[in-house]
Amino acid sequence: MSGDEPLLAARVHRPSDLLRLLVGVLSIAVVLAIAAFASGTTSGLEQDISKGTGQAPDVFVKLAGLVSSIAVLLVPVAFAIERLVKRDGLRIADGVLAAVLAHGVTLATDLWVARAAPSAIQDALTQPQSGGGLTDPVHGYLAPVIAYMSAVGMARRPRWRFVLWVVLLLDAFTMLVAGYTTPLSIILTVLIGVTVAYGTLYTVGSPNVRPTGQTLLAGLRHVGFHPVSARRAEAGVPETAEQGDRGRRYIVTLEEGSPLDVTVVDREQQAHGFFYRAWRRLTLRGFTTRRSIQSLRQALEQEALLAYAAIAAGANAPKLIATSELGPDAVMLVYEHRAGRPLDALADEELTDRVVLGCWEQVRALQSRRIAHRRLTGDALLVDRSGNVVITDLRGGEIAAGDLVLRMDIAQLLTTLGLRVGPERAVAAAVEVLGPDKVADCLPLLQPIALSRSSRATLRRLARERSQRERDAVLRASQAAKEARLAAAGGGGGPAEAKADRKAERAEKQAEKRALEDALHGAREEDLLAQIRRQVLLIRPQAPVEPVRLERIRPRTLISLIAGAVAAYFLLSQIASIPLSTISDAAWGWVTAAAVFSALTYVAAAMSLLGFVPERVSFLRTVTAQVAGSFVKIVAPAAVGGVALNTRFLQRSGVRPGLAVASVGASQLFGLGAHILLLLAFGYLTGTERSQGDLTPSRSVIAGLLTIAVLVLVVTAVPVLRKFVSTRLRSLFAGVVPRMLDVLQRPGKLLTGIGGMLLLTAMFVMCLDASIRAFADGEQPLSYASLAVVFLAGNAIGSAAPTPGGVGAVEGALLGGLLLAGVPKEVAAPAVLLYRLLTLWLPVLPGWFSFNYLTRKGSL
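On a predicted model such as this, the values are computed, not experimentally measured, just so you know.

Student: Where do I start with the environment of Leu-333 in this structure?
Tutor: Structurally, Leu-333 is set in strand β8 (residues 330-336). Remark: the alpha-carbon pair of Leu-333 and Gly-247, spanning 86 residues in sequence, is separated by 9.8 Å. Setting aside residues up to four positions removed in sequence, Leu-333 forms contacts with Asp-261, Val-262, Thr-263, Val-265, Leu-300, Glu-303, Ala-304, Leu-320, Ala-322 and Thr-323.

In structure tokens:
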């Protein structure tokens, strides 16, 4: 008897260890936060504990201290001897490594608390000693013992775990009674030991205890089978995050009778993809595949229940004939063998109408009993030699499923089949089996977020290929137009002929622009989901197509909330540190000047946009649109909201969509270039000012230029980065460069755009200057060059920040820049708050009115 399978790794990096590591780090952060911000609570807790422990008999305290101090070292040594006798020395080595690392972490923590930590944390973690000095914030011998205990696996052995925890509790009790520690210090010590242990295990890996093929054969014999050999069904196929938690599959040959299909599920595979499932459960509304954390017993019962329910519903599914445990860390499910090939492995010509209809018939059988499969991808549908479809992989399914989940199954299978046979055949077969109403009801769920991970990856790859074809078509059309223009170019002549040549050249440029737009329009293709919707709408024109909101929270929203909370904390702390007298003594003349400069920024922004729009657009409405942008950037990052609003405004003003996007792109491109050049120029001037007239640039400018040069070299040297940048630049120039040809024919427009950008920067700098003067008695401690560097750096950081309007990032950058430049904190802090109040918060209400006004007028 043999078990034929790929060689298992000696060590594995378990996701469960990573999860415990992250929980430990978070718990340590919470304990330190409590120590820093809840000093009253911690001191009250210490007093209550000292009162309670002070009543303990002195003899008992001394005896407990003596026993615990000896046992805390003897118990780990005894366990190590026991493991060495059983030839499990690798676990002892892991434990020793974790103990050494934990000792190093405790030393670093003690040093940080003694020298750099806030006084509140120091008071919560230490106790004053009678002879002077403080106790250790973290116990240097206790944390290594806990790390050793966790790394060697004593927690999984009840007797050893009980003995060691009793010893640790006695030791902690005696230290509390003696006044040598605090409750938070003990908690922090335990957390550091456990966290370091699991971090060590995840880094170096844990011994692989997965059951092998030989273990499987023994388990099958235990339940009455007579196996001869076991062969891995997925030999050579790498596990993905979506498939790895489905278990390992074996084809088992028996002494007599048909072979068996056996699925083995162990704790490591069950934890595979945990973070992905947890994230889906957090962000999506009520239709996650299953519980993020599930015991082996629950997984076994769920799969068995679904297997029986599917057969009872009339589906062609493998029959479950036995289940059993394979030790404490694995279970197996034994099915009748169903020979066949997955849908993904079939050639296109093998996907006949019978096969496609068979897939839908299996879904109809399941949904007749309200069973959801939840993983209707190509590897879950087998086709046997007779052409019959077998539905497998029911482990992630759901019984008594709701309408939303059942419709998701239809949307998933439409996508799976559409990727193989095309949207027309997929929709036609679905309508024939399920009826048009059920197919039409799934349209609101036909969106990438509702599909499986593998389907989303395939759709993204197809979208990249489609975009590449569009870019190639535009570039080919541009090249052909240039060659035609060069071929048509003739020799010189008189003034009349020169004038005619100029007219002909303008006409050729217009023709080239139209050719590029026509090429882009002709190369555009619908994505697969749009094609499926169109096919369904041909059958049910009144079908709902508006996507259902499935996301409970988006990643960008979560990041914005976290960043906003951090920014609010720092902002409120800065406000609290500003005396009210400082605000009341502000020079209101300079405050008014700052408000005027802030208002002029919208005029400059309108100029910078219209300078790259050759078409005639109302200047007043463009200014109103920039005011509306002050409302939009509060609900979206500044680099995203403004671009979308300006593009929409130009389109509603009569500019064609492609030209509107190109105009906004050209404006953004020139703005980026101007920003970088101004930052370098003013940085150079700041350096010469500080060197008292010496024209050599400052070290900061040189360091910045060298950093940029290194980044350019890295990008050009790494093929992946080089391809990424070149692809983006090609797509950028394919749309922006033709637009710039139109702008260059009107020098006045170009001057308006560039002048607007310079005026926009000048107005922001003057607003910041007036805000500083309002709290500095009309005096400016900085030169305009230094002030411009502070503004440009803060604005760049704000554009990159994920928070709406750069909240938090801009304030921190401006405040840090002013402090580094020599502005006193009592002037810099209120000046930054005033500047942000005038440029970000006060314009929100006028922006809301402007947004609604333009919407009513049809301009947005």
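Student: Got a minute to help me understand unusual backbone geometry in this structure?
Tutor: Comment: phi is negative for the bulk of residues other than glycine, and the bulk of peptide bonds are trans. Phi is positive for Asp-393, which is not a glycine, with a value near 60°. Within the secondary structure, Asp-393 is located in the loop between β11 (389-391) and α14 (403-421). Residue Ala-400 is not a glycine yet carries a positive backbone phi of 50°. On the basis of relative accessible area, Ala-400 is assigned to the exposed category, the value being 64%.

Student: Could you clarify how one ought to interpret α14 in this entry?
Tutor: Think of an α-helix as 3.6 residues a turn; residues three or four steps apart then line up on the same face. For α14, spanning 19 residues, the distance from its first C-alpha to its last is 27 Å, which sits close to the expected 27 Å at 1.5 Å a residue. By the criterion of burial, α14 is predominantly enclosed, with 14 of the 19 residues buried. After α14 finishes, the residue Gly-422 shows a positive phi value of roughly 95°.

Student: Any chance you could explain helix α15 (residues 423-434) here in plain terms?
Tutor: Taking 1.5 Å as the rise per residue, α15 with twelve residues should run 16 Å; its terminal C-alpha atoms sit 16 Å apart, in good agreement. Every buried residue belonging to α15 is among Pro-423, Ala-426, Val-427, Ala-429, Ala-430, Val-431, Val-433 and Leu-434, and all of these are buried. Packed against the buried residues of α15 are α13 (353-368), α14, α16 (436-441) and α19 (528-539). Of the residues one or two after α15, Gly-435 is the one with positive phi, at around 95°.

Student: Please clarify how the environment of Thr-126 should be interpreted in this entry.
Tutor: By secondary structure assignment, the location of Thr-126 is in the loop between α5 (119-125) and α6 (142-152). Under the relative-accessibility criterion, Thr-126 is labelled buried at 6%. Residues Thr-126 and Asp-136 lie ten residues apart in sequence; the distance between their C-alpha atoms is 6.2 Å. Those residues in contact with Thr-126, other than ones at most four positions away along the chain, are Leu-134, Thr-135, Asp-136, Pro-137 and Thr-182.

Student: How should I be thinking about the nonpolar core in this particular structure?
Tutor: As a rule of thumb, nonpolar side chains are buried together in soluble globular proteins. Residues Leu-343, Trp-360, Leu-381, Leu-413, Leu-414 and Leu-417 are the most contacted members of the largest nonpolar core, which totals 48 residues. At the level of secondary structure, the elements contributing two or more residues to this core comprise α12 (296-312), α13, β10 (381-383), β11, α14, α15, α16 and α19. By residue number, the principal contributor to this core is α13, which donates eight residues. Discounting chain neighbours no more than four positions away, the residues touching Leu-413 are Cys-359, Trp-360, Val-363, Leu-376 and Leu-381. Counting residues in hydrophobic clusters, the runner-up holds 34 residues, among them Phe-597, Leu-768, Ile-772 and Val-823.

Student: Teacher, can you tell me more about the packing of α13 against α14 here?
Tutor: The packing of two helices is summarised by the inter-axis angle and the distance between the axes. Their axes nearest at 11 Å, the elements α13 and α14 cross at an angle of 170°. Relative to α14, the element α13 is oriented roughly antiparallel. In contact with Val-356, Cys-359, Trp-360, Val-363 and Gln-367 of α13, α14 contributes Leu-406, Asp-409, Ile-410, Leu-413, Leu-414, Leu-417 and Val-421. Here the contact of α13 with α14 is composed, by residue class, of ten nonpolar, one polar and one charged.

Student: Whenever I open this one, the pattern of salt bridges confuses me. Can you help?
Tutor: Oppositely charged side chains can pair when the atoms bearing their charge come close. Tallied over the full model, the rule gives ten salt bridges. Residue Arg-341 is joined to Glu-350 by a salt bridge in which the shortest nitrogen-to-oxygen separation is 2.4 Å. The class for Arg-341 is partly exposed, based on a relative accessible area of 39%. Judged by its relative accessible area of 31%, Glu-350 is partly exposed. A salt bridge links Arg-370 to Asp-403, with the nearest nitrogen and oxygen atoms 2.6 Å apart. Of this pair, Arg-370 sits in the loop between α13 and β10 while Asp-403 sits in helix α14, and the two are 33 residues apart along the sequence. A relative accessible area of 48% means that Asp-403 is categorised as partly exposed.

About the cut-offs
- Residues numbered from 1 in each chain as written.
- Predicted model: local features only at pLDDT ≥ 70, side-chain atom pairs only at ≥ 80, totals over all residues.
- Heavy atoms only, no water.
- Helix = DSSP H or I, 4+ residues; strand = E, 2+ residues; numbered from the N terminus.
- Contact = heavy atoms within 4.5 Å.
- Buried < 20%, exposed > 50% of the residue type's maximum accessible area, 1.4 Å probe, protein only.
- Expected span 1.5 Å × (residues − 1).
- Core = buried A, V, L, I, M, F, W, Y, C linked by side-chain atoms within 4.5 Å.
- Axes fitted to C-alpha atoms, helices over the stretch in contact; angles between N-to-C directions.
- Parallel < 35°, antiparallel > 145°, perpendicular 65-115°, else oblique.
- Nonpolar A, V, L, I, M, F, W, Y, C, P; charged D, E, K, R; others polar.
- Salt bridge = Lys/Arg side-chain N within 4 Å of Asp/Glu carboxyl O.

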